[in-house]
Amino acid sequence: MNGRFRFAALGLALAASTAGAADLKRAEEIVGGRCFICHGLDGEAASAIYPRLAGQHADYIAKQLADFQSGKRKSDTMAGMVTDLTPDEMKALGQFFQAKPSARGARAEPELAGVGRYIFNKGNQYSGVAACASCHGAKGYGTPQLPRLAGQQSLYLENQLKQFNSRERNNDNAVMHSIASKLTELEVKAVSSYISTLE
């Protein structure tokens, strides 16, 4: 009985491993067919306006893809890319990019990054801006539900903060609307610049 149980467990483990490999193989095909154009084959964005996906949380990526597909998150470009993706493919793409090593942080103008470091770690008590680190962590690694920010493209971050402020982006935590609306233009640039330097 014990031997039979062990054999069945081994069979299930092998089946899961094979399914996982097949899912990642499918993800690789999808990346090579469409994602790479903007995000690169390894999740390193081709341009500063696109996000780096390497090292991003798998669940977060899958959620964003589902939101693009449903229209909850707006993007003419992404809407066309995700139309035919299944939930399993979205999960596989998340796992594919999460497994990729993230690049080292960018260089930034030290004084501007210094302002950003302050906002990131302490917020701005005078305008009611919460510290980014309070949700995204001291190193900017985020959680499965909240994005990894560390090393993200500065321009992409700026654009997202502006979209949260204008409510153009409303598929995520509403707290970001409140925070983004209180950031000055200088603070937006500074915190984006600082976050881009994090490893």
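Summary of the structure given here. (Residues numbered from 1 in each chain as written. Predicted model: local features only at pLDDT ≥ 70, side-chain atom pairs only at ≥ 80, totals over all residues. Heavy atoms only, no water.)

### Considerations on empty space enclosed by the protein
Here comes step 1: Taken as a whole, this structure holds 2 cavities of 30 Å³ or more when the rule is applied.
Here comes step 2: Roughly 80 Å³ of volume is contained in the largest cavity.
Here comes step 3: Residues of the lining of the largest cavity, tallied by class, amount to 4 nonpolar, 5 polar and 2 charged.
Here comes step 4: The volume enclosed by the second largest cavity comes to roughly 40 Å³.
Here comes step 5: Lining the second largest cavity are Arg73, Lys74, Gln163, Glu168 and Arg169.
Here comes step 6: In terms of residue class, the lining of the second largest cavity is made up of no nonpolar, 1 polar and 4 charged. (1 Å grid on protein atoms, 1.4 Å probe; cavity = no way out; pocket = protein on both sides within 12 Å on 5 of 7 lines; lining within 4 Å. Points joined across faces, edges and corners; volume = space filled by probe spheres on them. Nonpolar A, V, L, I, M, F, W, Y, C, P; charged D, E, K, R; others polar.)

### Describing the packing of aromatic side chains
Here comes step 1: Enumeration according to the criterion identifies 2 aromatic pairs in this entry.
Here comes step 2: On the numbers, 5.2 Å between centres and 85° between planes, the contact of Phe96 with Phe97 is edge-to-face. (Phe/Tyr/Trp six-rings, centres within 6.5 Å; stacked < 30°, edge-to-face > 60°.)

### A word on the pattern of salt bridges
Here comes step 1: Summed over the entire model, instances satisfying the criterion amount to 10 salt bridges.
Here comes step 2: Notably, a salt bridge pairs Glu29 with Arg26, separated by 3.3 Å at the nearest N-O pair. Residue Glu29 and its partner Arg26 are both found in helix α1 (residues 2-39); the two are separated by 3 residues, about one turn of the helix.
Here comes step 3: Among the residues examined, Glu29 registers a relative accessible area of 45% and is labelled partly exposed.
Here comes step 4: Close ionic contact of Lys162 with Glu185 constitutes a salt bridge, the shortest N to O distance being 3.5 Å. Of this pair, Lys162 sits in helix α7 (residues 154-166) while Glu185 sits in helix α9 (residues 185-197), and the two are 23 residues apart along the sequence.
Here comes step 5: What makes Glu185 partly exposed here is its relative accessible area of 46%.
Here comes step 6: What you see here is one network of salt bridges that share partners, running through Lys63, Asp67, Arg169 and Asp172. (Salt bridge = Lys/Arg side-chain N within 4 Å of Asp/Glu carboxyl O. Helix = DSSP H or I, 4+ residues; strand = E, 2+ residues; numbered from the N terminus. Buried < 20%, exposed > 50% of the residue type's maximum accessible area, 1.4 Å probe, protein only.)

### Considering α9
Here comes step 1: Across its 13 residues, α9 extends 19 Å between first and last C-alpha, which sits within 8% of the 18 Å expected from 1.5 Å per residue.
Here comes step 2: All of the buried residues along α9 are Glu187, Val188, Ala190, Val191, Ser192, Ser193, Tyr194, Ile195 and Ser196.
Here comes step 3: Buried positions along α9 lie against α5 (110-122), α7 and α8 (175-182). (Expected span 1.5 Å × (residues − 1). Contact = heavy atoms within 4.5 Å.)

### A look at the side chain of Asp172
Here comes step 1: Note that Asp172 resides in the loop between α7 and α8.
Here comes step 2: The buried category is assigned to Asp172, whose relative accessible area is 18%.
Here comes step 3: Polar side-chain contacts of Asp172 include one of 3.3 Å to the side chain of Lys63. (Polar contact = N/O pair within 3.5 Å; in protein donor to acceptor, adjacent residues only side chain to side chain.)

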